[in-house]
Amino acid sequence: LTRHPKGGKLALASQKEEPALSTPASSHPAPDPIATVRAIVAAHAAIPGPLLPVLHAVQDALGCIPPTVVGEIAQGLNLSRAEVHGVISYYAHFRQAPPGQHVVQVCQAEACKACGADALMAQAQALLACAPHTTRADGAVTLEPVYCLGLCASSPALMVNDRLHARVTPQRLGQIVATLGVPA
Amino acid sequence: MMRSVTRVFVPRDAAALAVGADEVAAALVAECARRGRAIELVRNGSRGLFWLEPLVEVATPAGRHGLRPGGADDVPGLFAPGCWRAAPSAGHGPTDAIPYLKRQQRLTFARIGLIDPLSLATTRPMAAGGPAPGFWHGPGETSSTRCCDSGCAGAAARRSRPASSGGPWPRRRPRKSTSSATPTRATPAPLPTAC
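Residues numbered from 1 in each chain as written. Chains lettered and ligands numbered in written order. Predicted model: local features only at pLDDT ≥ 70, side-chain atom pairs only at ≥ 80, totals over all residues. Heavy atoms only, no water.

Account for the overall build of chain A, with residues named and values stated.
Helix and strand counts for chain A stand at 7 helices and 5 strands. Each helix and strand of chain A, placed in order from N terminus to C terminus, yields the pattern α-α-α-α-β-α-α-β-β-β-β-α. Relative to its full complement of 184 residues, chain A shows a buried share of 42%. Long-range contacts, defined as pairs at least 24 residues apart, comprise 62% of the intrachain contacts of chain A with a sequence gap of at least 6. Summed over its atoms, the accessible surface of chain A is roughly 8,900 Å², and 61% of this surface lies on carbon and sulfur atoms. (Helix = DSSP H or I, 4+ residues; strand = E, 2+ residues; numbered from the N terminus. Buried < 20%, exposed > 50% of the residue type's maximum accessible area, 1.4 Å probe, protein only. Contact = heavy atoms within 4.5 Å. Areas by Shrake-Rupley, 256 points an atom, 1.4 Å probe, with all protein chains shown as cover.)

This is the structure we're talking about:
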């Protein structure tokens, strides 16, 4: 399957471990967004077509790409703000607001749809008390549909905090959600 | 009697990790330690049979033998009699004899899943019969010079190339400003014009 432009990022060969439960974000000082962006832009200045790598790096560092740094990215890459904003808003992977503490992405593409992705999304919605495309009011979790995690042969698939899960059954989804420790 | 070290393969492809390959590998190492069994764990790529993942393979004198634990809880069952030999009754039998694999003609994918993809030591011997002689290094060459001279140099190769040596890749210039107003901030550093 080809990647849907509104889809999630491609499956990673090396996955991160799920973070420890309830890690307070405030335990680390928040990075200065502008200084972070300047450093990232400088690090990518020598490569051709740096915008997408820069946006990925900014989101990885800050958790999102806030509107306040778009001008800095545009200035640093010699682009217009509209060009940068256009790319950010085109790809659903790029966030303009911080996500919840846990991000649950349920694949809704064709192969997963054929193997029960709708029921899985409904179950995730109920277990997490969170509507698709939204972050819960307490900031505990963000629930998103994504369009192809690249695991069509092992459908249905989902990704929790950058960790892939395939052949997910309702029972397995319950176990995964339980490990997150998200209050009901 | 001293047992020889057995090579055991547990894939680390994303499709295998998504169905618990890491947990299976950890359980396998723990179980081998508990039983005093020496293994060499190789995290290979996937053979491409995603519906069989996590596909654990054991190297035997008769070739690689495929086993399929459902999860980490099933790992102790992999030590049942016959599992670590190419016994037809245990697991999938010889991996290469699985019909879906046996029917395939793999060319560029011939080595996929056989080895640890990050291990040059195991990649080199396997590539000996494939690429042209001198593929890895010619006399006096390094990886970066060979990459640069190939004409398909990437950013890393460009950075490692002396500025005076030129190259076939296009050079980037900063876009001319269309505004005559005095910039309020420092002008960003110009993009490099030499490699």
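Give me the lowdown on the pattern of salt bridges, citing residues and values where you can.
All names here are of chain B. For the structure on display, the rule yields 13 salt bridges over all chains. Glu57 is the salt-bridge partner of Arg47, the closest N and O atoms lying 2.8 Å from each other. Of this pair, Arg47 sits in the loop between strand S2 (39-42) and strand S3 (56-60) while Glu57 sits in strand S3, placing them 10 residues apart in sequence. When its relative accessible area of 6% is taken as the criterion, Arg47 is described as buried. The class of Glu57 is buried, set by a relative accessible area of 0%. (Salt bridge = Lys/Arg side-chain N within 4 Å of Asp/Glu carboxyl O.)

Can you explain the packing of helix H1 (residues 33-43) of chain A against helix H2 (residues 51-62) of chain A? Please cite residues and give values.
Residue and element names in this part refer to chain A. Axis separation between H1 and H2 bottoms out at 10 Å; the angle between their running directions is 145°. Where H1 crosses over H2, the handedness of that crossing is right-handed. On the side of H1, the interface is formed by Pro33, Thr36, Val37, Ile40 and Val41, while H2 contributes Val54, Ala57, Val58, Ala61 and Leu62. By residue class, the composition of the contact of H1 with H2 is 9 nonpolar, 1 polar and no charged. (Axes fitted to C-alpha atoms, helices over the stretch in contact; angles between N-to-C directions. Left-handed = near helix turned anticlockwise from the far one by under 90°. Nonpolar A, V, L, I, M, F, W, Y, C, P; charged D, E, K, R; others polar.)

Run through the packing of aromatic side chains, naming residues and quoting values.
Taken as a whole and assessed by the stated rule, the structure comprises 3 aromatic pairs over all chains. Ring geometry for Tyr91 of chain A versus Phe94 of chain A: centroids 6.1 Å apart, planes at 90°, classification edge-to-face. Tyr91 of chain A gets classed as partly exposed once you look at its relative accessible area, which sits at 27%. In this structure Phe94 of chain A comes out as buried when scored by relative accessible area, which is 6%. Put simply, the rings of Tyr90, Tyr91 and Phe94 of chain A pair up and form one aromatic cluster. Over the ring of Phe9 of chain B we find Arg64 of chain B, and its NZ or CZ is 3.6 Å from the ring centre. (Phe/Tyr/Trp six-rings, centres within 6.5 Å; stacked < 30°, edge-to-face > 60°. Lys NZ or Arg CZ within 6 Å of the ring centre and 35° of its normal.)

I'd like to hear about H2 of chain A, residue by residue, with values.
All names here are of chain A. For H2, built from 12 residues, the straight-helix expectation of 16 Å at 1.5 Å per residue is met to within 8% by its first-to-last C-alpha distance of 16 Å. When H2 is considered as a whole, its buried residues turn out to be Leu51, Val54, Leu55, Val58 and Gln59. Down the axis of H2, the buried set is contained in an arc of 130°. They therefore lie on one face. Tucked inside the fold, the buried residues of H2 contact H1, helix H3 (70-77) and helix H4 (81-90). Taken from the residues just after H2, Gly63 is the one with a positive phi, measuring 90°. (Expected span 1.5 Å × (residues − 1). Arc of directions from axis to C-beta.)

Before we move on, can you summarise unusual backbone geometry with the specific residues and values?
With an omega dihedral of -5°, the bond running from Ser155 of chain A to Pro156 of chain A counts as a cis peptide bond. Following the sequence through the fold, Pro156 of chain A ends up in the loop between strand S3 (141-146) and strand S4 (158-160). The amide bond that connects Glu53 of chain B to the next residue, Pro54 of chain B, takes the cis arrangement and shows omega of 0°. Secondary-structure assignment places Pro54 of chain B in the loop between S2 and S3. Unusually for a residue other than glycine, Arg167 of chain A sits at a positive phi of about 50°. Relative to the elements of secondary structure, Arg167 of chain A occurs in the loop between strand S5 (163-165) and helix H7 (170-180).

Can you lay out the sheet that holds strand S2 (residues 134-135) of chain A for me, pointing to particular residues and giving the numbers?
All names here are of chain A. Strand order in this open sheet of 5 strands is S2-S3-S1-S4-S5, and the pairing throughout is mixed. Single-partner strands in this sheet number two, and they are S2 and S5. Pairing of S4 with S5 involves 3 bridges; the strand directions are antiparallel. When the bridges of S5 are listed, Met159 appears paired with Leu164. Each of strand S1 (102-107), S3 and S4 is contacted by helix H6 (residues 117-128), which is oriented at about 170° to S3, the strand it contacts most. (Pairing = 2+ DSSP bridges.)

Give me the lowdown on the environment of Ile98 of chain B, citing residues and values where you can.
Residues and elements named next belong to chain B. Secondary-structure assignment places Ile98 in the loop between strand S5 (93-94) and helix H3 (99-102). The exposure class assigned to Ile98 is buried, which follows from its relative accessible area of 11%. Sequence-wise, Ile98 and Leu49 are 49 residues apart; in three dimensions their C-alpha atoms are separated by 9.6 Å.

Such coordinate-based values are descriptive only and should not be taken to indicate function.
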